[in-house]
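Chain residues, written in single-letter form:
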Amino acid sequence: RIKALDWVIATGQRPKTLTFSGAELTQDSEAFLNLPVMPDDVTFIGAGYIGMEFANITQAAGAHTRIVTAGPTALRAFDQTLVRQLITDMQETGISWYFNATVQQIEKTPTDRLLVTLTDGTQFETGRVFVTAGRVANADQLQLENAGVVWDTTEIPVDDHLRTSNPHIYAIGDVGGSPVPKLVPTGNHEGRYVAQAIAGLTTAPITYPAIPVVVFGTQHIAQVGLSVEAGLANGYRVTDIDMSQVMPFYRYNDTARVRTVLDDAGHIVGASVIAAEAEEVINYFVTAINERRTLAETQSNLYAYPSLGSEFATFY
């Protein structure tokens, strides 16, 4: 038995499971990472971060790759203009997509393969099926109700000090209900904040700087700040620049594209990037958003040439 005045729950999440006939024949994302041998044909159920990234790995490794998704697209939280470009690129590499589709049944064949039947009647054989349809919070086995902590299957709700319904119990990272992406940097940020709060070094609510999110596909998609969709809804200006012919991108044969959201004062408040090195390009926008820079102020910087940052002057 361990007693303490303050507790921090940081138990993360685990892969979500699905229920249909033959679901026991599927595997999760953790099993994928422990594959001893790459199958010749792999299917992923779900087109979020994990499904998209793993699909690109299997395709690059030579496996025929399939993605089954219940919706008409992928990566719903990202700029869909760039997502469509990524999907097209993935299709051109040979990845098979099944949109607006759900699995009805999986059966084992006499040759030890898996026969997948979708609800629309489509059938195909594959070597392995991995469920990449999201994650659920690891809160259900902690008996949190005994400590007066409210929770649900997706998260443990917290206030702006990351306190649960019991003020002496905090929840951070993937298991916590803070309104930010579930990423390693945000979990680290929350951990440092809670340590300061418990030590009495701060009483202020937690604040977050601009948080970039990245999906590592055949091309990488990165996004930070206000989305293009939200920017347009607010009447903000959106720039859309094809960077494919600009030297730092052209030398990699990179079909790069950068979309920025500018508020009424011209400040950069959001950006979306698709490029081979989108995770580096987006970091320039993180700094610009955090420092409340206008596009003109950002373009006044002189960066090393040729580099990804040297082309900021072309982001009109």
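Refer to the structure above for everything that follows.
For clarity, every value in this text was computed on a predicted model and none was experimentally measured. (Residues numbered from 1 in each chain as written. Predicted model: local features only at pLDDT ≥ 70, side-chain atom pairs only at ≥ 80, totals over all residues. Heavy atoms only, no water.)

J.: I tried to follow unusual backbone geometry on my own but got confused; where do I start?
T.: Leaving glycine aside, a negative phi is the common case for residues, and trans is the common case for peptide bonds. Positive phi, normally seen in glycine, also occurs at Gln143, with a value near 50°. Topologically, Gln143 is positioned in the loop between strand E10 (135-137) and strand E11 (169-171). Although it is not a glycine, Arg292 sits at a positive phi angle of roughly 55°. Examined against the element boundaries, Arg292 turns out to sit in the loop between helix H7 (278-290) and helix H8 (295-299). Looking at Arg292, the relative accessible area reads 47%, which means it is partly exposed. (Helix = DSSP H or I, 4+ residues; strand = E, 2+ residues; numbered from the N terminus. Buried < 20%, exposed > 50% of the residue type's maximum accessible area, 1.4 Å probe, protein only.)

J.: Mind showing me how you'd approach the sheet that holds strand E9 (residues 128-131) here?
T.: The strands that make up a sheet are held in pairs by hydrogen bonds between backbone atoms, and each pair lies either parallel or antiparallel. Spatial ordering of the open sheet is given by E5-E4-E3-E9, a layout of four strands whose pairing is parallel. This sheet does not close on itself; its edge strands, each paired only once, are strand E5 (96-98) and E9. Between one strand axis and the next, the sheet turns through 20° on average, direction left out of account. Bridge analysis of strand E3 (residues 41-45) against strand E4 (residues 64-68) gives five bridges, and the strand direction is parallel. Paired with Asp41 across the strands is His64, a residue of E4. Packing of helix H2 (residues 49-60) onto the sheet brings it into contact with E3, E4 and E5, and relative to E4 it is tilted by some 165°. (Pairing = 2+ DSSP bridges. Axes fitted to C-alpha atoms, helices over the stretch in contact; angles between N-to-C directions. Contact = heavy atoms within 4.5 Å.)

J.: Sorry, what's going on with H2 here?
T.: In an α-helix, one turn spans 3.6 residues; hence positions three or four apart end up facing the same way. For H2, with twelve residues, the first-to-last C-alpha span of 17 Å sits near the 16 Å given by 1.5 Å per residue. All buried positions along H2 are accounted for by Gly51, Met52, Phe54, Ala55, Asn56, Thr58 and Gln59. In this fold, the buried residues of H2 make contact with helix H1 (29-33), E3, E4, helix H3 (80-92), E5 and strand E12 (213-216). (Expected span 1.5 Å × (residues − 1).)

J.: Looking at this model, I keep getting lost on the layout of surface pockets. Mind explaining?
T.: A probe matching the size of a water molecule, rolled over the atoms, marks out where space remains unfilled. Considering only enclosed or pocket space, the largest pocket measures out at about 1700 Å³ in volume. Forming the boundary of the largest pocket are 50 residues, of which Gly48, Tyr49, Ile50, Gly134 and Arg135 lie nearest the centre. Secondary-structure elements contributing two or more residues to the lining of the largest pocket are H1, H2, helix H4 (184-198) and E12. Looking at side-chain class alone, the lining of the largest pocket contains 27 nonpolar, 15 polar and eight charged residues. (1 Å grid on protein atoms, 1.4 Å probe; cavity = no way out; pocket = protein on both sides within 12 Å on 5 of 7 lines; lining within 4 Å. Points joined across faces, edges and corners; volume = space filled by probe spheres on them. Nonpolar A, V, L, I, M, F, W, Y, C, P; charged D, E, K, R; others polar.)

J.: What is the right way to read the packing of aromatic side chains from this model?
T.: How two aromatic rings sit relative to each other is given by the distance of their centres and the angle of their planes. By the definition in use, this model includes nine aromatic pairs. Seen in terms of ring centroids, Tyr98 and Phe124 are 4.8 Å apart; in terms of plane orientation they differ by 25°. Their pairing is stacked. Within this pair, whereas Tyr98 is found in strand E5, its partner Phe124 is found in strand E8 (residues 123-126), the two being separated by 26 residues in sequence. What makes Tyr98 buried here is its relative accessible area of 16%. Taken together, a centroid distance of 5.2 Å and an interplanar angle of 75° make the contact between Tyr284 and Tyr303 edge-to-face. You can see Tyr284 sitting in helix H7 and its partner Tyr303 sitting in the segment after H8, a full 19 residues away along the chain. Its relative accessible area of 25% is what places Tyr284 among the partly exposed residues. (Phe/Tyr/Trp six-rings, centres within 6.5 Å; stacked < 30°, edge-to-face > 60°.)

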